[in-house]
Amino acid sequence: MSSLLPAVEHETAANPRYSIVWLHGLGADGHDFAPIVPELVAADWPALRFVFPHAPVRPVTINGGLPMRAWYDIYGVDLVSRQDEAGIRASIAATEALIDRERGRGVPDERIFLAGFSQGGAIALAAGLRHAERLAGIVALSTYLPIADTLAAERSAANADVPIFQAHGSFDPVVIPPRGSASRDLLQELGYRVDWHGYPMAHAVCAEEIADLRTWLGRRLA
């Protein structure tokens with residue numbers, strides 16, 4: 001994963017001032033969340049570039065070794081007792097490369113958001129909290145914090161107070177609600193500002209959630 005990942009891109013206007021790097025969930029691809037842009041973006045926001053990268057294709061243990069797009073391997077339903085740390089760290093590095101490209105295209109770190117759903121949200125948290133320069137914010141949807149036991153030692157002081165939007169469905173059978181709330185609690189114990197939202201849904205995204213995210217982003221793009 002040393003080379004730059006391919007991605008779907010959408011610019012809301014010329015010369016984007018902000019970027020949102022949005023990572024999809026297990027088995028999906030960069031096209032999955034691209035249709036959300038018109039629903040999410042307000043007309044008075046500054047120009048944005050959305051970057052929806054495609055995860056590499058790899059065998060996924062929990063799915064019988066079937067190859068699919070995945071940010072890392074999943075060994076069991078509890079997600080945390082045995083983790084693919086090497087895969088997680090490779091995806092953190094791939095995300096860093098995407099951030100570096102945005103910087104090279106004129107968008108500084110403090111105007112870059114990392115966002116993700118499920119597995120993608122796990123990488124958004126893991127990468128964003130370790131990123132050396134201050135980011136604009138992290139969006140973590142229906143997800144959890146991976147390799148959590150190393151975060152205290154590896155986290156970046158620059159992002160110690162980065163805004164975090166975390167949302168979860170109360171009926172989620174994939175990333176069970178206690179997994180999400182435990183990650184929230186750990187982040188709060190470490191001093192992070194977590195804007196937590198719960199919704200009566202399964203492992204999905206709902207209209208109310210997008211409306212809340214639009215409000216949260218709008219405050220940071222004002």
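Higher on the page you've got the structure.
This report concerns the structure included in the present document. Because the structure is predicted, anything quoted here is derived from the model rather than measured. (Residues numbered from 1 in each chain as written. Predicted model: local features only at pLDDT ≥ 70, side-chain atom pairs only at ≥ 80, totals over all residues. Heavy atoms only, no water.)

At a minimum axis separation of 9 Å, helix α2 (residues 85-104) and helix α3 (residues 119-130) run at an interaxial angle of 65°. When the axes of α2 and α3 are compared, the crossing they make is right-handed. Residue-level inspection shows Ile-88, Arg-89, Ser-91, Ile-92, Thr-95 and Glu-96 of α2 in contact with α3, the latter providing Ile-123, Ala-126, Ala-127 and Arg-130. (Axes fitted to C-alpha atoms, helices over the stretch in contact; angles between N-to-C directions. Helix = DSSP H or I, 4+ residues; strand = E, 2+ residues; numbered from the N terminus. Left-handed = near helix turned anticlockwise from the far one by under 90°. Contact = heavy atoms within 4.5 Å.)

Where strand β4 (residues 57-60) lies against strand β5 (residues 66-69), four bridges are found, and the strand directions are antiparallel. Bridging from a neighbouring strand, Val-60 pairs with Leu-66 of β5. Between β4 and the antiparallel strand that follows it, β5, lie five residues; Gly-64 among them carries a positive phi value of about 70°. (Pairing = 2+ DSSP bridges.)

Let us look at the nonpolar core. When a protein is soluble and globular, its nonpolar side chains tend to lie buried together. Tyr-72, Leu-129, Ile-164 and Leu-187 are the most contacted members of the largest nonpolar core, which has 40 residues in total. Looking at this core element by element, the count peaks at seven residues for α3. If sequence neighbours within four positions are ignored, Tyr-72 has contacts with Arg-58, Asp-84, Gly-87, Ile-88, Gln-119, Ala-122, Ile-123 and Tyr-144. One finds Val-8, Ile-20, Val-37 and Leu-141 within the second-largest nonpolar core, a separate group that totals 29 residues. (Core = buried A, V, L, I, M, F, W, Y, C linked by side-chain atoms within 4.5 Å. Buried < 20%, exposed > 50% of the residue type's maximum accessible area, 1.4 Å probe, protein only.)

The strands that make up a sheet pair up through hydrogen bonds in the backbone, lying either parallel or antiparallel. Taken in spatial order, the seven strands of this open sheet run β1-β3-β2-β6-β7-β8-β9, and their pairing is mixed. Two strands bound the open sheet, and with one partner strand each, they are β1 (7-11) and β9 (193-199). Sheet twist, expressed as the mean angle between neighbouring strand axes with direction ignored, is 15°. The strands touched by helix α6 (residues 207-221) within the sheet are β2 (18-23), β3 (48-53), β6 (112-117), β7 (137-141), β8 (163-169) and β9, with β8 carrying the most contacts at an inclination of about 180°.

Relative to β9, β8 is paired through seven bridges, and the arrangement is parallel. Bridge pairing in β9 links Phe-165 to Asp-195. As a crossover connection, the stretch from β8 through helix α5 (residues 177-189) into β9 is right-handed. (Right-handed = clockwise from strand over helix to strand, strands pointing away.)

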